[in-house]
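Summary of structural features
The primary structure of each chain is shown beneath.
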Protein chains: 4
Amino acid sequence: MALLAPRGGPPAPALIVDQWLNASEPLELERLRGKVVLLHAFQMLCPGCIAHGLPQAEHAHRAFGREGVVVIGLHTVFEHHAVTGPEALRAFNHEYRWSFPIGIDRASQGSSIPQTMRAYDLQGTPSLVLIDRAGAIRLQHLGRIDDMVLGGAIGRLLAEGGAAATPAAGGAGATASDAGCGPDACLPRP
Amino acid sequence: MALLAPRGGPPAPALIVDQWLNASEPLELERLRGKVVLLHAFQMLCPGCIAHGLPQAEHAHRAFGREGVVVIGLHTVFEHHAVTGPEALRAFNHEYRWSFPIGIDRASQGSSIPQTMRAYDLQGTPSLVLIDRAGAIRLQHLGRIDDMVLGGAIGRLLAEGGAAATPAAGGAGATASDAGCGPDACLPRP
Amino acid sequence: MALLAPRGGPPAPALIVDQWLNASEPLELERLRGKVVLLHAFQMLCPGCIAHGLPQAEHAHRAFGREGVVVIGLHTVFEHHAVTGPEALRAFNHEYRWSFPIGIDRASQGSSIPQTMRAYDLQGTPSLVLIDRAGAIRLQHLGRIDDMVLGGAIGRLLAEGGAAATPAAGGAGATASDAGCGPDACLPRP
Amino acid sequence: MALLAPRGGPPAPALIVDQWLNASEPLELERLRGKVVLLHAFQMLCPGCIAHGLPQAEHAHRAFGREGVVVIGLHTVFEHHAVTGPEALRAFNHEYRWSFPIGIDRASQGSSIPQTMRAYDLQGTPSLVLIDRAGAIRLQHLGRIDDMVLGGAIGRLLAEGGAAATPAAGGAGATASDAGCGPDACLPRP
């Protein structure tokens, strides 16, 4: 299936991150132009993230890291805030030994949805966002995505040159039907 | 392989538990004489516990719960105490929807090893303890154990009558060679 | 669930086998009294047999072979006879390197169902038969069976003494709803 | 890792096929210019082919068939010829219900290696060959290949236009170290 949105969309929103783990300095999407970026939004208590989302991000990091794909984890806490703060995340990260950089999405005032999650209009976790060499969102996917299909999308983006063309469509979204955590995904309460 | 220790050992130590989840009242091993008990010691940030230990306990609960096997989870926190307290465990339990009762092992004074973990001399997590109908420990296993082999051990214990015989050997232990969390198990720092 | 039929049933029918693979001499159930026997009926072109039935038989052979469980494969060809004869089976056995003995069920005259398969009233492949130390059938299962549940049944039979008691019920059967090969099992055309 | 050979190589050798299964008419690579072709060479008694090679080919057929990828199975018998002829293959194909076309590689005179296998210099089974829109071999891989990595290679080829460029390198080969069937691959005896 043709998963990718057309080239030429607007730049992906900047990451609004408080702290970075597994990174010597903050990452900024603007500086990653020319690279393909795989952004993986997760929560440390989301079963689908731990069972397949985060291992898939690690897998992509190892498979495509040397080819120009930058994998970034984003801890988008929208529930259980009291027990999934930075200290808890660091313990989680230590035990699982993720090797890609992880940013902590900045909390919003007056909302449980953190700021980057809101800017991308992510529906829950795990969510995967593919950003092309020109900085545009080409895929947004909520829940589980097949390894071979994801590889196909990454391969297509890697084959593209670095410059954007005509301004066009934005990212494709995934719809969420239910709040709470299911086997594949966690969704915020509306 | 003949995994089980001989019958007739001393009773398993009592569970020293602060709070119970997924239980309408506290569980006491003394009251479970006549049942086979599968005690699963875990930590909520232990990768091997989440990947296979806890799902195996859930699996045993569903496969053998009606045949007289009582599955009990025991949260034996020996590291990351600050971020894996009762509130964090409740969030974890909520998201994973475990259906068997889980007790929180009581913290020790002056040691990171909680009291029940110490009484059983558990070496790390995940650890599995099988207690026979007479209340004696027949198997202690650290790390991953094969489903078919575990089923075989449970089947043998189910086939035994409820009364203990001569006082004899204790439980079989598993040795730990390394501190920290590996792919299969977490071990305390000595 | 209580899978096993009661003790004391009649002896399992004799195996009617033309040739044995992976065995230095023919196996006879009568000589295996005192052992628990796991009989695995399969066809070399049955997808469910290759994907899970035969690997499970190999697994049981390795897990329980030293404890008194004898695993026997039985090639019960009821379709594709022309291309799954002894020479084909030997090539199959060679490539898969099964380590347990495999007997070739003897063809029937005037029926596609071979003789041992008929004597046991097996409904298709893979079928698993558990025979207790006294020689009685305690379980017959068509299709996939869970490793932990199978281990539990084997453990119960291992815990029993060798002598039969009162004559009673026969084996529990599994019903088949459809002919041909599905993802889990192959059934003969009626 | 950069798996693909450079563009511009010579056309892949023609398929030398006796019979086709799951196809209304013979397939010819020349007529598939403009498509990406995934050629999967297998034997019906090769464990690695059945466990992962053929399911992966089926998976690619379903994931990318509508995007311009043509998946072709090739039965490259180099051992057990007597029991893996066309009739046996048809029974195998019937039971496994593969949905992609499968060609039977033509036997060689005076050699166990069939003709297409020899023309491609395939080392054993399973072997995977990726042919680009211009008809050139870009990848040859013996044994297991990761789904995400394969998806990445297919995505890259899909992103290319249909015209070849400069004449250049041929396909990348995989080396074989041992004859016979291992868990992942079967290799011919030299």
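Attention here is on the structure that accompanies the text.

So, how was this worked out
Residues numbered from 1 in each chain as written. Chains lettered and ligands numbered in written order. Predicted model: local features only at pLDDT ≥ 70, side-chain atom pairs only at ≥ 80, totals over all residues. Heavy atoms only, no water. Helix = DSSP H or I, 4+ residues; strand = E, 2+ residues; numbered from the N terminus. Buried < 20%, exposed > 50% of the residue type's maximum accessible area, 1.4 Å probe, protein only. Contact = heavy atoms within 4.5 Å. 1 Å grid on protein atoms, 1.4 Å probe; cavity = no way out; pocket = protein on both sides within 12 Å on 5 of 7 lines; lining within 4 Å. Points joined across faces, edges and corners; volume = space filled by probe spheres on them. Nonpolar A, V, L, I, M, F, W, Y, C, P; charged D, E, K, R; others polar. Salt bridge = Lys/Arg side-chain N within 4 Å of Asp/Glu carboxyl O. Polar contact = N/O pair within 3.5 Å; in protein donor to acceptor, adjacent residues only side chain to side chain. Least-squares fit on C-alpha atoms with pLDDT ≥ 70 in both. Core = buried A, V, L, I, M, F, W, Y, C linked by side-chain atoms within 4.5 Å. Pairing = 2+ DSSP bridges. Phe/Tyr/Trp six-rings, centres within 6.5 Å; stacked < 30°, edge-to-face > 60°. Axes fitted to C-alpha atoms, helices over the stretch in contact; angles between N-to-C directions. Right-handed = clockwise from strand over helix to strand, strands pointing away. Parallel < 35°, antiparallel > 145°, perpendicular 65-115°, else oblique. Left-handed = near helix turned anticlockwise from the far one by under 90°. Buried area = accessible area lost by both parts, 1.4 Å probe.

**A word on the environment of Phe-100 of chain C**
Residues and elements named next belong to chain C. Take Phe-100: it is sitting in the loop between α2 (86–96) and β4 (102–105). In this structure Phe-100 comes out as buried when scored by relative accessible area, which is 0%. Remark: the alpha-carbon pair of Phe-100 and Asp-184, spanning 84 residues in sequence, is separated by 22 Å. The contacts of Phe-100, once residues within four sequence positions are left out, are Asn-22, Leu-54, Ala-57, Glu-58, His-61, Val-71, Ile-72 and Gly-73.

**Focus on the layout of surface pockets**
Put simply, the largest pocket is a space of about 530 Å³. Looking at the largest pocket, it is lined by 22 residues, and the ones nearest its centre are Ile-50, Ala-51 and Tyr-96 of chain C together with Ile-50 and Ala-51 of chain D. Of all the secondary-structure elements, those providing two or more residues to the lining of the largest pocket are α1 (47–64) and α2 of chain C together with α1 (47–64) and α2 (86–96) of chain D. Residues of the lining of the largest pocket, tallied by class, amount to 16 nonpolar, 2 polar and 4 charged.

**Observations regarding the pattern of salt bridges**
Pairing is possible between side chains of opposite charge, provided their charged atoms come close. In the structure shown here, the tally under the stated rule is 24 salt bridges over all chains. Arg-62 of chain B is paired through a salt bridge with Glu-58 of chain B; the nearest N and O atoms lie 2.8 Å apart. Here Glu-58 of chain B and Arg-62 of chain B lie together in helix α1 (residues 47–64), a separation of 4 residues that amounts to about one turn. Judged by relative accessible area, Arg-62 of chain B falls into the exposed class, the value being 59%. Sharing partners across several salt bridges, the network here consists of Arg-7, Asp-132, Arg-138 and Glu-160 of chain A.

**Things to note about the side chain of Thr-125 of chain D**
Residue and element names in this part refer to chain D. For Thr-125, the location among the structural elements is in the loop between α3 (115–119) and β5 (127–131). Within polar-contact distance, the side chain of Thr-125 engages the side chain of Gln-43 at 3.1 Å. Ignoring anything within four residues of it in the chain, the contact list for Thr-125 reads Ala-41, Phe-42, Gln-43, Cys-46, Cys-49, Thr-76, Phe-78, Leu-142, Asp-184, Ala-185 and Cys-186.

**Side note on the relation of the copies chain B and chain C**
Of the transformation placing chain B onto chain C, the axial shift is 0.0 Å and the rotation is 180°, giving an RMSD of 0.0 Å. Read as a symmetry element, the transformation amounts to a two-fold axis. Both copies share a contact surface, since 100% of the interface residues of chain B are interface residues in chain C too.

**A few points about the nonpolar core**
If you look at the biggest cluster of nonpolar residues, it comprises 122 residues, and the most contacted ones within it are Ile-72, Phe-92 and Tyr-120 of chain A together with Ile-72, Phe-92 and Tyr-120 of chain B. For Tyr-120 of chain B, the residues in contact, after removing those within four places along its chain, are Ala-12, Pro-13, Ala-14, Leu-15, Leu-29, Leu-39, Val-129, Ile-131, Ile-137 and Gln-140 of chain B.

**Observations regarding the pairing of strand β6 (residues 137–142) of chain C**
Residues and elements named next belong to chain C. Along β6, 5 of the 6 residues are buried, which leaves the element largely enclosed by surrounding structure. Direction of pairing for strand β5 (residues 127–131) relative to β6: antiparallel, over a ladder of 5 bridges. Bridge pairing links Leu-130 to Leu-139 in β6. Adjacent in sequence and paired antiparallel, β5 and β6 are bridged by 5 residues, among which Gly-135 carries a positive phi angle near 95°.

**Details of the packing of aromatic side chains**
In the structure shown here, the tally under the stated rule is 20 aromatic pairs over all chains. Taken together, a centroid distance of 6.1 Å and an interplanar angle of 40° make the contact between Trp-98 of chain A and Phe-100 of chain A tilted. Neither Trp-98 of chain A nor Phe-100 of chain A differs from the other in exposure class; each is buried. Look at Phe-92 of chain D and Trp-98 of chain D: their rings are 6.4 Å apart centre to centre, the planes differ by 45°, and that puts the pair in the tilted class. Since its relative accessible area comes to 1%, Phe-92 of chain D is described here as buried. Among the aromatic residues, those joined into a ring-pair cluster are Phe-42, Phe-92, Tyr-96, Trp-98 and Phe-100 of chain A.

**Focus on the side chain of Thr-116 of chain D**
For Thr-116 of chain D, the position within the fold is in helix α3. The contact partners of Thr-116 of chain D, leaving out residues within four places of it in the chain, are Ala-14, Leu-15, Ile-16, Leu-74 and Asp-105 of chain D.

**Regarding unusual backbone geometry**
At the junction of Thr-125 of chain B and Pro-126 of chain B, the peptide bond is cis and its omega measures out at -5° in the coordinates. Backbone geometry places His-80 of chain C, a non-glycine residue, at a positive phi of 55°. Relative to the helices and strands, His-80 of chain C is located in the loop between β3 (69–75) and α2. For His-80 of chain C, a relative accessible area of 24% puts it in the partly exposed group.

**Digging into the sheet that holds strand β2 (residues 36–42) of chain C**
Residues and elements named next belong to chain C. Ordered in space as β1-β4-β3-β2-β5-β6, the 6 strands form an open sheet in which the pairing is mixed. The sheet terminates laterally at β1 (17–21) and β6, the two strands that pair on one side only. Each strand axis lies, on average, 20° off the axis of its neighbour in the sheet, ignoring direction. By the bridge criterion, 5 bridges tie β2 to β5 in an arrangement that is antiparallel. The partner of Leu-39 across the bridge, within β5, is Val-129. α1 contacts β2, β3 and β5 of the sheet and is inclined by roughly 160° relative to β2. Along the sheet, α2 contacts β1, β2, β3 and β4; its crossing angle with β1, the most-contacted strand, is approximately 25°.

**Some points on the pairing of strand β4 (residues 102–105) of chain D**
All names here are of chain D. Burial along β4 is two-sided: Ile-102 and Ile-104 and Gly-103 and Asp-105, pointing in opposite directions, are all buried. Judged from the 3 bridges that link them, strand β1 (residues 17–21) and β4 form a sheet pairing that is antiparallel. Paired with Trp-20 across the bridge in β4 is Gly-103. Judged from the 3 bridges that link them, strand β3 (residues 69–75) and β4 form a sheet pairing that is parallel. For His-75, the partnering residue across the bridge sits in β4 and is Ile-104. Read as a crossover between parallel neighbours, the route from β3 over α2 to β4 is right-handed.

**What to know about the packing of helix α4 (residues 147–159) of chain A against α1 of chain D**
With their axes 10 Å apart at the nearest point, α4 of chain A and α1 of chain D run at an angle of 55° to one another. One way to sum up the angle between α4 of chain A and α1 of chain D is to call them oblique. For the crossing formed where α4 of chain A meets α1 of chain D, the hand is right-handed. Between α4 of chain A, through Met-148, Val-149 and Gly-152 of chain A, and α1 of chain D, the contact on the second element is made entirely by Gln-56, His-59, Ala-60, Ala-63 and Phe-64 of chain D.

**Some thoughts on the interface of chain B and chain C**
Each partner contributes residues to the interface: chain B has 19 residues there, and chain C has 19 residues. Here chain B meets chain C over a buried area of about 1,600 Å², counting both sides, of which 62% is carbon and sulfur. Close ionic contact of Arg-156 of chain C with Glu-67 of chain B constitutes a salt bridge, the shortest N to O distance being 2.4 Å. Where chain B packs against chain C, one counts 6 residue pairs in polar contact (both at pLDDT 80 or more). Looking at the side of chain B that touches chain C, the elements with two or more residues in it are α1 and α4 (147–159) of chain B. Top element by residues in the side of chain B that touches chain C is α4 of chain B. It accounts for 10 residues. Looking at side-chain class alone, the side of chain B that touches chain C contains 10 nonpolar, 5 polar and 4 charged residues.

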